[in-house]
Every structure is written in C-alpha cells, then in structure tokens.
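Understanding the architecture of this molecule
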Amino acid sequence: MTENPFAVKNPEDLSPEYIAQHFVDMFTDFAKVRNPENSFIHGARGTGKSMMMRGLETAVMLKTRTWTLSELPHLGIHVPLRRGDFSVPELSGPSPSVATAISEHLLIIYITSRLARSLKGLVSLEHGSDIAELTREFSQLFAECGGSLPERPAPDAEPDSNLKWIMDVCDRESTATRQFSRRIPFFRGDTIYAGALCGFLDFLLPLLSKLTSLGSMPGVPVYIMLDDADNLPVVMQRVLNSWVAKRVVDKVCLKITTQLGYATYRTIDGRLIETPHDFNEIDIASVYTKSHDRFSKRVREIAAKRLSLAGIDRTPEEFFPEDQEQRRKLEQIASDIRAEWSDRREKADPNAKRGGNRQTDDVVRYTIPRYMRLLSGSSKSSHTFSYAGLSSLVDLSSGVIRWFLEPAARMYDEVASRQQRVAEIPCHIQDAVIYAWSREFAERLRLSKRDLADEIGGSVPEADGSLQAIGHEGIIAARLHNVIAGLGQFFRMRLLDEAASEQRAFSIVVRGKMAQELGDVLDYGVRMGYLQRADNAAKEAYGGRNPRYILARRLGPYFKLDVSGYAAHISVTADDLLACAHDPSGFARRRSRARNSAGQLEFDLLPTQEDDE
Amino acid sequence: MIHAVPIEALEREYPNERICLVCRPGFEQRSVVVAEALRDVVDSSRIFRSREASAKAMVNVDRVSALLGGNNIVELDVRDPFGISGHMLDLAKTISSRSERTVIDISSFRREELLIMLRMLAHSSGPDVKCDLVYVKAEQFASDWLSRNTNEFRSVVGYPGEAIPSRRPHLVVLLGFEFERARDIIENYEPARISVGCGVRRDHGNEGMYQRNRRLLSELKSLYGNTVDEFEFPLNRPAQVQEVLATVIAQGEFNHIIAPLNNKLSTLGVGVFAMRRPEVQVCYGVVEEYNESQYSTPANEAIILTLADLGLISTPSD
C-alpha cells in the first residue's frame, strides 16, 4: 500500500527535505512572524505552528529557496519544548532563586544543543575553521560559567565533529544538572548546586553573536523558535519572558509558540512584558476565523501539493467529490427560493415571510436549512445529510489544518484498504469518517450519547457523582460540556425553525458583565478547541466590545448543523449563558420560547464587519 | 516471597505480632478490606486521604479511622507532588526506624503516590526494615469508563529521567482499561516512538478482562498506526515486569518515558526498574474525575510482598 498522502506526522521528526517539499507558505497570512522581532504565536494543536517554525529553520530555508548560507535573512534554530523534557516537578522544587538559575541554565543548554544540531551538514569543509572558532568560543564561555569540559577535537577536525562535541557536552551537562534536581526531594533544607550556570547575557547572547560574526555566516539575527512553550514550568516561562524583555532583537529574536496555555507574561523580577512594546502576537485561529477564504486557499494548496507528491493526478475537488444527488436537490430548493423571493417582491405583500434584500442572500440562508428540515420530517433521515466535498471538509476543519488532514488520512486508509489505487474518496466514505470524527470530538467532552438535537426538552445528565472531589478544573469541563450541549441544541432547533429569519447560526455574542466562572469556562473551551474566539473578544471579555464565540464546526455533524459559509451571530446575555452552563436544555427551551408577536425567535443580530466567519 | 492469600486469612499472616498499618481509604470498596481484615492486630496506623476527598471517599475514611482507632490522618494534595514526596519521606523514615512490622495497603494509592512512596522507601530503608506491601486484587472494573479528563501531565517525583537534549522521546505505556488516559498521555508527550503493552492472559482475573485489555490496545494502535510496537507484561510479578521493560527499551537511543496504567503490582515493577535505570522517566497523567460509583469490586484475594521481594533493600540509597 502506498504511503498515505494526508498522514499527520510530528513536524519535529520530519527531515528538512520533507518540510521543504511539503511546505505551503503560510507567512503571507502571518507576515509578522518573519519580522526581526520577538513573537508569540498562539494556536491550538494542529493549526500549523510547528510547520511554520520549521519553515524558518536554516536547513529548511536552504532547501526551499536558492539561497546560500551567507544570503539568509536570518539563522533559524527550531527548539521543540517537549513535555517529557520539561514537565518535571523537580525543576521547580528548590528555592525560587535556585529554580530560576537552574531553569535558565537547562534551557540554554537545550538551545545550544539544538543550535549545534541545526548547523550539522550545513557548513562546508572549507569553512571548518569557522566552526572551530565557534567551538572555542563555546568552550571559553562555558568555562567562565563554571563548567568543566572534556578535551576538544583537534584544531583541524571536521565541522561536524566539532558540532557533535558541543552536542555531547550539552547532553552531559543536562544529565549532570538533572542529577542535582533529582536529589532535591530527599533533602528538606537548602541544597547546594556546584555545577555550571549559563545565563542569557553571559553565555547565549555572546555565543550567538560569535556565530553570526563568522565569515561563512550572514551577519543577521538568530531566530530561536521555542515551540510549545506551555510545556515549560512557570519558572522557565518567566525566564523566557525575561529574555523577551531584553529586546536584543538585532541579535536574537525569540519566536515562541503556545497552545493557548501559556501561564504568565511576568519576568523573573515580576515585570510584565507587553505587546507591541516587547513582542508581537499572532493568534492563528483568529486570523483564519476572520478570513475563511484565506484558510480555504491554504488548505486547498496543502491538499493539492500532497496529492501531487503522491502521484495522484486529481484536483482536491475531484479527490473529495460532493454528493451530486444532494447537490441536485439543493439546487432545486435554491431555485424554489429564488422563485419565492421574486414572487414576494412582485406582490409586495407585507404579511409575507420576511427575507433578505437580495435574492442571493435568501438562497444562501435558507437552502440547506430547508433541506435539513425536509430530512428531519416524516422520513426521519437527518443522518443522511452529506458533508462530503472539499468545501465542506474545509469548513469542518474550523481553521485547524490538522482537522482537515486527520479525517482525510482516515478516509484514504479506508479506501486504500479496499483497492490498490485511490483516485477519489467516495461520498459515503467521507461521510462515515466525518460523522465518526465529529462524534469522537463531542464525546471527549462527554456530551450525551443520545442525539441531543432530537431530544428537545430533555436534560443532559450530570457526571456520575464525583464532581465534588475533582476540583475547579473538573467543574469547568463539566460546565463547558453543558454550554456546548446547550448551544448545539439551540442552533439545531433554530435550523429547523421555518419561522426564523436567520436559521443558520454558529456563534454567539455575549452581552453584559461576564462572571469569572463563565469566563473560565469559555477560555477553557477555546483552549480545548471547542470554541473559537473572534478578534474583538481577545482581551475585552470583561469590558468594552462584546466578545464573540464560535462553535467549532467540527461539531456540526454531531449536532446536525449547516457548517457552510455565512452564519448569523446570536446575542445572548452573560447571565443566560451562565445558566446554560448549569442547565443546557433549559437554555434551549427558553430561547425557543422567546418569540415576538410575529411568532419569530427573538435575536439580536449585531452588525457584522465581515460576511464570513 | 510474593504470595497470595484469601482475605479472611490475612490476619493469620501476622501471628503474635502487632503491626503498624498504612492505608489510603477512598471511594473504592477494596480500600477498606485490609483494614477490616487486620484491625485486631493493628497497634498504630497512618491513614492517608485525598485533600479534596469526595463524600463517598470520606465515608470509607471515617470507617477505617473508627476501625483502627487512629487519628493519624495525612492529607495528600494531587496538585502538590512535592508535598506528597515530603509526606512519603516522613513515612519512609518512620518505617525504617521502627522495630515492629509495617504493613502498607497499596490497593488504592494513586500510582503516582505509590511510586513516590516506593522511592522514599528505597532511599530510607535498611536491611533490617520490616515492611510488607499488601495488594487487594479487583474482581471486576467498571465496564465503560474508569477515569476521564486528563488535565495535567508530569514526571513522577523521584523518576525524572535524564531527558538528553539530542535524543527523541520513546513512550512506553503499560495499558490497563483507561483508554482515554493513555491516549491523552500519548498526544501530550508526542513521542517519536510508542510501545504499548497489554497484560499477559493468565494474569488477568478472567478472560473478559484480558479481551478488554487487548481490544483497547488495538484501538490505540489504530489511532497511531504503524508507529506502535506491542508487548505483553505480567500483572502479578514485578520482577518480570522489569525484564520486559529492559527488552522494550533496549533498541535505539531515546529518552524513555514509561506510563504505568495497569495495576499496582506492575506499577511497582516500573518503579523499581526506573530506580535502577535513572535515565528512564516515569510519567503520570492527573485525571479530573473517577467513576466512583462503579470503579471496582474487590476480589477475595490479596497479594503480599516485601521490600526485599522487590530487591529494594539492597539498593544503594541516594
């Protein structure tokens, strides 16, 4: 069986050649990332942060463009911050000052090891003296920081031998430092550390300055890409923030990615680093939420490239075809809606059903909801609605590249298990995978296994009796479960409400003062990927403009919602939403009863600044 | 020597002795079985409980406390692993200073707590220490879920591993019935290599439990495809667990991280192995919620072993 073209691989494990071959330029969407500034890049897992960081790596840049080493705009060192390496309680164990010093030292050793690794194979033999000089500088600085060193390679050693020596010293030093921290739990009093202590100003900065001053190197800033900084303990995050605060961006730019769980922006001496003064900040989901077209284009490019590299001569639209039978039915309904609109305009009937000012608005708003109502009617065939087709798959991925690739990979495996050559994914396979994938996501939050959309008025059961013991975060997860369930129910009810003028809703705007409890629940939902927060909600949740939260479209099939294109915002009060967090079905019932004298569901459609989400 | 006894015969293991009993009553029924069986030979006790114990757990805490006549109750805070290590170090030093026997009911300690305790016992115990570990087996576990919402991931205090910068992570999962926890650990540690183990057939309480273990392993493999190696490990013989682990981590240069997610006996095997191989890290995923109402039913059998059986007493301490 040929390799799955959509297989999701850990970016850290990919060779520079693979990255260069598969890389789709995301920098036009996030231009600030390439600027010689410190950056924080936030995005849930799967949004493409690590691939973007690998794209800035020296070895990858040399493969993607026809640059030589001396022509590069920056030198890039990718530093994955793995949970296994840093989520170690002992590192936070000693007194704060010891923990800070040890943490900084370990982080610098880690970065230096990655620096040496990143240069391996890049420097030719004719520039071997440059690496020898770098190695001498490393040795001198390390000794000045209290470290002891084994014998250096011979002066005429090959560059890679010198770089391997540096990596070996870093490995050894990391082990020795962790040996110290390993002993901490066994001693109640202060522990004495006698090893090396490398700092940003006395070790890393001079080492990197030496690097870029070498003849074979461009005299440009070094970009250190610290990937998944949420995995660092708080003490290390504060060390990192202290580096950001130094703003030595002419020499070193820190590109820090997070999965929205970064704990603090305080430095080790308690100051706050701020944007734009100390760093620029990018929220990947926010960019793609605001401009669906941009995201759609990226996904299409990624899919097209992967198909091409796999030798599959199909466009992404051909490879993921839409259900043509459903398309015909939708077109018929669209035609009916156009005729009704024209009829209404002709008759100018004030009692006629309210609609849009433009015919195309009515078609977009009502075609799929009407079809879904038909399916849910006497034939009870809601489950036959097809989400197949590239456009739908892009919509479902909710701005997260991995959420396109993962189901695509499963679809490919499913078809490949049945036939040798895969030229397209049949609609029924697409739908089977999509429904299962959506259910999987919903059930992680333990949404009821019942079909909530069909049980209007039913209540979602509380968890089995152990919420008392599980503390704050467990309760937040349970409340999020209720909010998602309530919103999903309500959006489905609205979709089936023929009387509603806006039937397709996928987001809420929260009015009024938000209690801390609700804020925590919504923040948790954003972090876990169940909700996306629009730009205008970023820091203004407790004042200023009203925040908007968008349900992840990945939940669309689970709740049987229309995930395509434009959707209305529904205005809810913070109190109402907090009530939903405790009683989701009550929320849905109340919203369904809130009709005005025209028998329409009341809602508050705030003016939107963009036509798509 | 490791041996199994019916619960009703537990007291007869300690004829003419007065023991100190260490236990951790909680929401599981089997957390009170040993205290009930040994109450007439208990001279003193140390009772551990969760700082935020549920109502159901407190019922058992009160019951055991009344049984043993003890008010030496120590709270363990899952959010404070260093605090836990301090309590366990105290316990270990107390045990090593006693001339009488200490019996530790390990059945319902969290795996992280058990591993930390083991580490401290290894650090503090001399050759003359008298300490038995007792484990009450489970007859059945809840059929759908045992725990959910893993919200924090960390190494266990005392088992940090070496985390060599130039090496990639290899995650070794000793799988039980907590599928979600295993999946969450894999997704958060993002290993370059994954090895998942299932308990050997003959060590499971019944064929149904074995098949369930195998099914969950298959589901995990289907999520991660060809990157997953498979192995089997014993559930009742900690020494043999170490032999299996030595083989699993033998190939390739990785930072090895072990996630023990099966029973306490295999967890002990992981702990001893990691103490002897300090480059190996043992990790733990903190869950928010346990299926308290249905978690397990106790079997009528307990396994008894000593620190000497684990080979700990002769281990040089730090």
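Please read all numbers here as calculations on a predicted model, not as lab measurements.

1. Examining the overall build of chain A
Within chain A, the regular secondary structure consists of 22 helices and nine strands. Burial status across chain A gives 57% buried among its 613 residues. The long-range share in chain A, meaning contacts at least 24 apart out of those at least 6 apart in sequence, stands at 76%. Per element, the accessible surface of chain A, about 25,100 Å² overall, is 49% carbon and sulfur.

2. Here's the deal with the environment of His127 of chain A
Residue placement: His127 of chain A occurs in the loop between helix 5 (96-119) and helix 6 (128-144). What makes His127 of chain A partly exposed here is its relative accessible area of 29%.

3. Remarks on the packing of helix 5 (residues 179-189) of chain B against helix 6 (residues 207-224) of chain B
All names here are of chain B. It is the contact of helix 5 with helix 6, at a shortest axis distance of 10 Å, that shows an interaxial angle of 30 degrees. Relative to helix 6, helix 5 is oriented roughly parallel. Our pair here, helix 5 against helix 6, has a crossing hand that is right-handed. Side by side, helix 5 and helix 6 meet where Phe179, Ala182, Arg183, Ile186 and Glu187 of the first sit next to Leu216, Glu219, Leu220, Leu223 and Tyr224 of the second. Class assignment for the residues of the contact of helix 5 with helix 6 results in seven nonpolar, no polar and three charged.

4. Here we look at the interface of chain B and chain A
Contact residues are listed per partner, giving 51 residues for chain B and 40 residues for chain A. Buried area between chain B and chain A, both sides added, is near 4,200 Å², and the carbon and sulfur share of it is 49%. Of all residues in chain B, the largest losses of buried area upon contact with chain A belong to Phe82, Pro165 and Glu288 of chain B, amounting jointly to 16% of the total for that side. The interface formed by chain B and chain A holds one salt bridge in total. A salt bridge links Arg168 of chain B to Asp13 of chain A; the shortest N-O distance between them is 3.4 Å. Run the count over chain B and chain A and you get 12 residue pairs in polar contact (both at pLDDT 80 or more). Contributions of two or more residues to the side of chain B that touches chain A are made by helix 3 (81-97), helix 4 (111-124), strand 7 (147-160), strand 8 (168-174), helix 5, strand 11 (254-260) and strand 12 (281-290) of chain B. In terms of residue count, the dominant contributor to the side of chain B that touches chain A is strand 7 of chain B (11 residues). In terms of residue class, the side of chain B that touches chain A is built from 20 nonpolar, 15 polar and 16 charged.

5. Looking at the sheet that holds strand 7 of chain B
Residues and elements named next belong to chain B. With respect to topology, six strands assemble into an open sheet ordered 7-12-11-8-9-10, the strand pairing being mixed. Where the open sheet ends on each side, the last strands, each with one partner, are strand 7 and strand 10 (228-233). For this sheet, the mean angle separating the axes of adjacent strands, direction not counted, is 25 degrees. Note: strand 9 (residues 193-199) against strand 10, six bridges, orientation parallel. Considered in strand 10, the bridge of Ile194 is made with Val228. In the packing of helix 7 (residues 238-248) onto the sheet, the strands contacted are strand 8, strand 9, strand 10 and strand 11, and the crossing angle to strand 8 comes to about 150 degrees.

6. What about the sheet that holds strand 9 (residues 568-573) of chain A?
Residues and elements named next belong to chain A. Taken together, four strands build an open sheet; the order of strands is 7-8-6-9 and the sheet is mixed. Looking at the sheet topology across the chains shown, the edges are occupied by strand 7 (531-533) and strand 9. Averaged over all pairs of adjacent strands, the angle between their axes in this sheet comes to 30 degrees, without regard to strand direction. Bridge analysis of strand 6 (residues 505-511) against strand 8 (residues 548-551) gives three bridges, and the strand direction is antiparallel. Counterpart to Ser507 in the pairing with strand 8 is Ile550. Helix 19 (residues 516-528) contacts strand 7 and strand 8 of the sheet and is inclined by roughly 100 degrees relative to strand 7. Here helix 21 (residues 574-582) sits on the sheet in contact with strand 6 and strand 9, set at roughly 90 degrees to strand 9.

7. Details of the confidence of the model for chain A
All names here are of chain A. In this model, chain A carries a mean pLDDT of 84, and residues with pLDDT of at least 70 account for 87%. Model confidence for chain A, summarised as mean pLDDT per element, is weakest for helix 22 (residues 584-593) at 74 and strongest for strand 4 (residues 252-258) at 97. Counted against residues more than four places away or in other chains, residues 537-541, with its pLDDT under 50, gives nine contacts.

8. Some thoughts on the nonpolar core
One recurring pattern in soluble globular proteins is that nonpolar side chains are buried together. Among the nonpolar cores identified, the biggest contains 106 residues, and Phe6, Phe320 and Leu577 of chain A are the most heavily contacted of them. The greatest single-element share of this core, amounting to 10 residues, is contributed by helix 18 (residues 471-495) of chain A. Residues in contact with Leu577 of chain A, not counting those within four places in the same chain, are Val483, Leu487, Ile508, Val510, Leu518, Leu522 and Val572 of chain A. By size, the runner-up hydrophobic cluster in this structure holds 89 residues, among which are Val74, Ile116, Phe233 and Ala274 of chain B.

9. Remarks on helix 5 of chain A
Residue and element names in this part refer to chain A. Taking 1.5 Å of rise per residue, 24 residues should cover 34 Å, and helix 5 covers 35 Å from first to last C-alpha, within 8% of that figure. Burial analysis of helix 5 places 19 of its 24 residues in the buried class, the great majority of the element. Gly121, located one to two residues past helix 5, shows a positive phi value of around 80 degrees.

About the cut-offs
Residues numbered from 1 in each chain as written. Chains lettered and ligands numbered in written order. Predicted model: local features only at pLDDT ≥ 70, side-chain atom pairs only at ≥ 80, totals over all residues. Heavy atoms only, no water. Helix = DSSP H or I, 4+ residues; strand = E, 2+ residues; numbered from the N terminus. Buried < 20%, exposed > 50% of the residue type's maximum accessible area, 1.4 Å probe, protein only. Contact = heavy atoms within 4.5 Å. Areas by Shrake-Rupley, 256 points an atom, 1.4 Å probe, with all protein chains shown as cover. Axes fitted to C-alpha atoms, helices over the stretch in contact; angles between N-to-C directions. Parallel < 35°, antiparallel > 145°, perpendicular 65-115°, else oblique. Left-handed = near helix turned anticlockwise from the far one by under 90°. Nonpolar A, V, L, I, M, F, W, Y, C, P; charged D, E, K, R; others polar. Buried area = accessible area lost by both parts, 1.4 Å probe. Salt bridge = Lys/Arg side-chain N within 4 Å of Asp/Glu carboxyl O. Polar contact = N/O pair within 3.5 Å; in protein donor to acceptor, adjacent residues only side chain to side chain. Pairing = 2+ DSSP bridges. pLDDT = per-residue confidence, 0-100. Core = buried A, V, L, I, M, F, W, Y, C linked by side-chain atoms within 4.5 Å. Expected span 1.5 Å × (residues − 1).

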